[in-house]
Amino acid sequence: MSFYDEVGGAETFERLVHAFYQGVATDPALRALYPEEDLAPAERRLRMFLEQYFGGPHTYSEERGHPRLRMRHVHFPVTLDMRDRWMRHMLAAMETLDLPEANAEAMREYFMRAAHMLVNTDDATSATGGAPSTGGAPSSSPVTPGGRPTL
Ligand code: HEM
């Protein structure tokens, strides 16, 4: 049985991603990064991606091609602050599901690793209006200019 089936298949991912975007909608700083006025298409893309990643249908790649997530995020200034906001809404969304602890733990670990991998902009750069860096490595210094340790 795939991880996807273990956690309840399509219905679980639908609920998770829907709850997540409800959270995003209440977070003006994070919401501002989403280009579309309607969050429904973004919700669908994230849902399809996660279903595929966790062993469900491959609709995401059939429609969107290779995920290449880091590349798909270079247009959005993903700072440590935005990563934390994103994670907070995802963890809250996970709380609305009643997942077995081992599955919940595996999902949390994936989200933390992936969200951190997508950081592409220093908080300080973003605050002064800079564009996201398109360089290869995520923010490499162990401590940000604001003194907050990275993950
Ligand atoms: C586990 C971490 C994450 C995953 C798996 C993920 C996944 C995705 C996926 C699959 C898309 C749609 C890509 C496409 O097909 O065009 C997307 C879009 C997007 N992501 Fe993320 N993301 C993550 C973290 C973040 C974080 C930390 C931010 C913080 C700002 C973020 C901001 C966005 C924005 C603004 C979009 C554009 C919305 C859209 O039009 O689809 N993501 N993300």
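Thresholds, definitions, all that
Residues numbered from 1 in each chain as written. Predicted model: local features only at pLDDT ≥ 70, side-chain atom pairs only at ≥ 80, totals over all residues. Axes fitted to C-alpha atoms, helices over the stretch in contact; angles between N-to-C directions. Helix = DSSP H or I, 4+ residues; strand = E, 2+ residues; numbered from the N terminus. Parallel < 35°, antiparallel > 145°, perpendicular 65-115°, else oblique. Left-handed = near helix turned anticlockwise from the far one by under 90°. Contact = placed C-beta atoms within 7 Å. Nonpolar A, V, L, I, M, F, W, Y, C, P; charged D, E, K, R; others polar. Near = placed C-beta within 6 Å. UniProt positions renumbered as here; feature names shortened; annotations may be inferred.

Visitor: For the packing of helix α2 (residues 9–25) against helix α7 (residues 80–95), give the residues involved together with the corresponding values.
Guide: Following both chains from N to C, one finds α2 and α7 inclined at 135°, their axes separated by 8 Å at the closest point. It follows that α2 is oblique to α7 by the angle criterion. The interaxial crossing formed by α2 with α7 has right-handed handedness. For the pair α2 and α7, the contacting residues are Leu16, Ala19, Phe20, Gly23 and Val24 in the first and His89, Met90, Ala92, Ala93 and Met94 in the second.

Visitor: Which residues make up the packing of α7 against helix α8 (residues 101–117), and what values do they have?
Guide: One way to put it is that α7 packs onto α8 with a least axis distance of 10 Å and a crossing angle of 165°. One finds that α7 runs roughly antiparallel with respect to α8. As α7 runs across α8, the sense of the crossing is right-handed. Facing Arg83, Trp86, Met87, Met90, Leu91 and Met94 of α7, the residues of α8 in contact are Ala104, Met107, Arg108, Phe111, Met112, Ala115 and His116. Its residues assigned to classes, the contact of α7 with α8 comprises 10 nonpolar, 1 polar and 2 charged.

Visitor: I'd love a proper account of the site of the ligand, names of residues and values included.
Guide: Around the ligand sit 21 residues in total, of which Ala42, Phe49, Met82, Trp86 and Ala114 are the nearest. For the shell around the ligand, the leading source of residues is helix α4 (residues 40–53), giving 4 residues. When grouped by side-chain class, the residues that make up the shell around the ligand number 15 nonpolar, 1 polar and 5 charged.

Visitor: Before we move on, could you go through the UniProt feature "binding site: heme" (unreviewed entry) in the protein and cite the residues and values that matter?
Guide: Here the UniProt-annotated "binding site: heme" (unreviewed entry) positions come out as His116. Secondary-structure assignment places His116 in helix α8.

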